[in-house]
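# What the coordinates show
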Amino acid sequence: QVQLQESGPGLVKPSQTLSLTCTVSGESITANLYYWSWIRQSPGKGLEWMGAIGRSGGTYYSPSLKSRTSISRDTSKNQFILQLSSVTPEDTAVYYCARANRIQTITDIDFWGQGTQVTVSS
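Summary of the structure given here. Model, not experiment: these values are computed from the prediction.

Broken down by element type, the chain carries zero helices and eleven strands. When the helices and strands of the chain are read in sequence order from the N terminus, they spell out β-β-β-β-β-β-β-β-β-β-β. Taking 122 residues into account, the globule formula puts the C-alpha radius of gyration at 14 Å, and the chain, at 13 Å, falls close to it. Taken over the C-alpha atoms alone, the chain extends approximately 40 × 25 × 25 Å along its principal axes. Here the analysis covers contacts within the chain between residues at least 6 apart in sequence; of these, 54% occur between residues at least 24 apart. Of the roughly 6100 Å² of accessible surface on the chain, a fraction of 45% belongs to carbon and sulfur atoms. Both charge centroids of the chain, one from 10 positive and one from 8 negative side chains, sit 5 Å from each other.

Set out below in C-alpha cells:
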C-alpha cells in the first residue's frame, strides 16, 4: 500500500522560499516508472500541476513555474522535496504530492497525499 504525506511550514512570508517535503511509504521512489509529482490548488481555482521527479532523478516542471521551482529528493529517506522561491500571496494554496503515471497530469494519478495548506502572508 502506497502512502504519501506532505510536511512543512503552513505560513511563509512574501519573497521567501516555500519548502515542502513528501514522505513516501510502501514503495521506493527509485524503483518503478512513476513520476513523483507536486500539484496545488489555490482558492477558487482548479488543480495545477507544478512538476515532478522521476525514478532516476530527472526533473520536469510546468513552464509557468519552472523559473521558481526546484524538485529534489532524498533517497535515503524515500522523500522528495518541493522548493518554490520568491513567493507571493498568489502562491497561497493547498499543496499535494502524488504518484503519477506520466508528467503534466492531474488525472492520471494513482495515489495522493492528503494535502497541506500553505499561506503566504506577512
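Read on, since the account is not over.
The next thing to look at is the packing of aromatic side chains. Throughout the structure, instances matching the rule amount to five aromatic pairs. Relative to Trp36, the ring of Tyr34 lies with its centre 6.5 Å away and its plane at 70°, an arrangement referred to as edge-to-face. Judged on exposure class, the residue Tyr34 and its partner Trp36 are both buried. Considering the side-chain rings of Tyr35 and Tyr60, the 5.8 Å spacing of their centres and the 80° angle between planes classify their relative orientation as edge-to-face.

This part is about the environment of Gly51. Looking at the secondary structure, you find Gly51 in strand β5 (residues 47–54). Looking at Gly51, the relative accessible area reads 0%, which means it is buried. Separated by 18 residues in the primary sequence, Gly51 and Thr69 have C-alpha atoms spaced 8.0 Å apart. Aside from chain neighbours lying at most four places away, what touches Gly51 is Trp36, Ser37, Trp38, Tyr60, Tyr61, Ser62 and Ile71.

As a further point, take the sheet that holds strand β1 (residues 3–7). If you walk across this open sheet you meet the four strands as β1-β3-β8-β7, and the pairing is antiparallel. At either margin of the open sheet sits one strand with a lone partner, and together these are β1 and β7 (69–74). Adjacent strand axes in the sheet meet at a mean angle of 20° when their direction is disregarded. Relative to strand β8 (residues 79–84), strand β3 (residues 18–25) runs antiparallel, the two being bridged by six bridges.

This part covers the pairing of strand β11 (residues 116–120). On a regular strand, one side chain projects to one face of the sheet and the next to the other, so that they alternate. Only one face of β11 is buried: it carries Thr116, Val118 and Val120, and the other face, with Gln117 and Thr119, is open. Bridging between strand β2 (residues 11–12) and β11 involves two bridges; their strand directions are parallel. When the sheet's bridge partners are listed, Leu11 is paired in β11 with Thr119. The pairing of strand β9 (residues 93–100) with β11 spans three bridges and is classified as antiparallel. Each residue of the ladder has a partner; that of Val94, found in β11, is Gln117.

When you line up the elements, Asn78 lands in the loop between β7 and β8. Among the polar contacts listed, one links the side chain of Asn78 to the backbone nitrogen of Ile29, at a separation of 3.0 Å.

Together, Leu47, Ile106 and Trp112 make up an exposed nonpolar region whose accessible area comes to about 230 Å². Summarising the element assignment, Ile106 is placed in the loop between β9 and β10 (109–112).

Definitions and limits used
- Residues numbered from 1 in each chain as written.
- Predicted model: local features only at pLDDT ≥ 70, side-chain atom pairs only at ≥ 80, totals over all residues.
- Heavy atoms only, no water.
- Helix = DSSP H or I, 4+ residues; strand = E, 2+ residues; numbered from the N terminus.
- Rg over C-alpha atoms; globule rule 2.2 N^0.38 Å.
- Contact = heavy atoms within 4.5 Å.
- Areas by Shrake-Rupley, 256 points an atom, 1.4 Å probe, with all protein chains shown as cover.
- Lys, Arg positive; Asp, Glu negative; His and termini not counted.
- Charge placed at Lys NZ, Arg CZ, Asp CG, Glu CD.
- Phe/Tyr/Trp six-rings, centres within 6.5 Å; stacked < 30°, edge-to-face > 60°.
- Buried < 20%, exposed > 50% of the residue type's maximum accessible area, 1.4 Å probe, protein only.
- Pairing = 2+ DSSP bridges.
- Axes fitted to C-alpha atoms, helices over the stretch in contact; angles between N-to-C directions.
- Polar contact = N/O pair within 3.5 Å; in protein donor to acceptor, adjacent residues only side chain to side chain.
- Patch = residues over 30% accessible without salt bridge, like charges linked within 9 Å, V, L, I, M, F, W, Y side chains within 5 Å.
- Salt bridge = Lys/Arg side-chain N within 4 Å of Asp/Glu carboxyl O.

Just geometry here; none of it tells us what the structure is for.
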